[in-house]
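Letter by letter, the chains look like this.
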Amino acid sequence: MTKQRRVVFARINRRNSTLDMRPFAEDMRALADSRLMTFLAPATPERPARTWYAADMRLAMGDDFMTGVLGYSVMEQKRSFDNDSWSWIKGATEDSDAASQDTVVPFAVDLREHNRWVAFTTTHRIRAETFRPALGKALSTAAQNLGLLPADWECDPVVSQDTVQEWINRHPYVKLLRRTVKFSNPGRDLDEVRAKMRSMQARRATEEFAAYPSQALNVEADAFWDKLQGLETGDARVFMKSREAQGVDAKFDSDLKTDETRIDDYGRDLERGMDLVLRALVVYADTRPSRPAG
């Protein structure tokens, strides 16, 4: 059986009060050419400091797409085996600051204004929840250094409506719905929640709907499905709990239910990895519903 890799999909959003934005593809080409898509992630109790780089970015598919590699290097000590004394302990050691197969991953971006989809692979060191903020930070850092506005770029998880519908079909007794919304971009069309966010200069807002004891929310109501808008474009995050017969709640977190697919394993060949991820992204983009700019 052919070994495979996981590919996760996301969307790039440029969030700012600026309504007159340049075309997305134009900004992406400027960022890619700048060689400024790098930032230092400070050390935490769990890991040392590391410098991320987005590199090898190039146009593809008639300039509608872009591919690249995102990753970081790690400081590791390598030990050689000493054949003379037949010993690991006496073997010479050498410090190495380099990337490994687990710390770099290929990605692809759909540059078309209405799309802005991203596809990337994961490793045990670079997971989806690691890649998304890292790419967003790299884009934002380069935009700030170039003086481009808006400079608040984010790589957001996306969940198709079919995925949500399938979960609700299996877990219809939803007792809790929590939604966090961000500004859609460029932010011309504001619903009531986002209008209040703008007046309060808030970056995001969270609202919660809880059913009465021993009851469930009406998942057939239009108001319920209105609260799920934005998952497909990364403009909202939803957490739900459903009451199950066994007494254990079923849970849905849109950050963990993101759209994904599988590709053949590319080993250490990042060039092939970029090509495979690009092909997966092209197929994914063709399945997404058309939508107006924003």
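The coordinates are above.
Only a predicted model underlies this, so the values are computations on that prediction, with no experimental measurement involved. (Residues numbered from 1 in each chain as written. Predicted model: local features only at pLDDT ≥ 70, side-chain atom pairs only at ≥ 80, totals over all residues. Heavy atoms only, no water.)

J.: Just to check I follow, could you spell out the sheet that holds strand 11 (residues 204-210) for this structure?
T.: Overall, antiparallel pairing links the 4 strands, which are arranged 11-10-12-13 in an open sheet. Bordering the open sheet on either side are strand 11 and strand 13 (250-253), each of which pairs with just one other strand. Put simply, the sheet's adjacent strands are angled 5° from each other on average, direction ignored. Examined bridge by bridge, strand 12 (residues 236-242) and strand 13 share 4 bridges and lie antiparallel to one another. Its bridge partner lying in strand 13, Lys241 is registered against Lys251. Of the strands in this sheet, strand 10 (174-182) and strand 11 touch helix 4 (residues 192-200), which is tilted by about 45° from strand 10. (Pairing = 2+ DSSP bridges. Helix = DSSP H or I, 4+ residues; strand = E, 2+ residues; numbered from the N terminus. Axes fitted to C-alpha atoms, helices over the stretch in contact; angles between N-to-C directions. Contact = heavy atoms within 4.5 Å.)

J.: I keep staring at the packing of helix 1 (residues 24-34) against helix 2 (residues 128-146) and nothing clicks. Help me out?
T.: Between two packed helices, the angle of one axis relative to the other and the distance separating the axes together describe the packing. Contact geometry for helix 1 and helix 2: axes closest at 10 Å, N-to-C directions at 90°. Taken together, the axis directions place helix 1 and helix 2 in an arrangement best described as roughly perpendicular. Seen from helix 1, the contacting residues are Met28, Ala30, Leu31 and Ser34; seen from helix 2, they are Leu139, Ala142, Ala143 and Leu146. Residue composition of the contact of helix 1 with helix 2, grouped by class: 7 nonpolar, 1 polar and no charged. (Parallel < 35°, antiparallel > 145°, perpendicular 65-115°, else oblique. Nonpolar A, V, L, I, M, F, W, Y, C, P; charged D, E, K, R; others polar.)

J.: Help me understand the packing of aromatic side chains, please; the structure alone is not making it clear to me.
T.: Per the stated rule, a full pass over the model turns up 11 aromatic pairs. Here the aromatic rings of Phe39 and Trp52 are separated by 6.4 Å at their centres, their planes lie at 5°, and the arrangement is stacked. Here the residue Phe39 occupies a position in strand 2 (residues 38-41), and Trp52 occupies one in strand 3 (residues 50-60), the gap between them amounting to 13 residues. Residue Trp52 is classed as buried on the basis of its relative accessible area, which comes to 4%. Seen from their ring centres, Phe120 and Phe131 are 3.9 Å apart, and the 10° between their planes marks the pair as stacked. Pair noted here: Phe120 is in strand 8 (residues 117-121) and Phe131 is in helix 2, with a separation of 11 residues, a long-range link. Residue Phe120 is classed as buried on the basis of its relative accessible area, which comes to 0%. The class for Phe131 is buried, based on a relative accessible area of 0%. Members of the aromatic cluster, joined through ring pairs, are Phe9, Trp117 and Tyr284. (Phe/Tyr/Trp six-rings, centres within 6.5 Å; stacked < 30°, edge-to-face > 60°. Buried < 20%, exposed > 50% of the residue type's maximum accessible area, 1.4 Å probe, protein only.)

J.: I keep staring at the side chain of Ser34 and nothing clicks. Help me out?
T.: Locating Ser34 in the fold gives a position in helix 1. Engagement of the side chain of Ser34 in a polar contact is seen with the backbone nitrogen of Leu36, the distance being 3.1 Å. (Polar contact = N/O pair within 3.5 Å; in protein donor to acceptor, adjacent residues only side chain to side chain.)

Any functional reading would require information beyond the geometric quantities listed.
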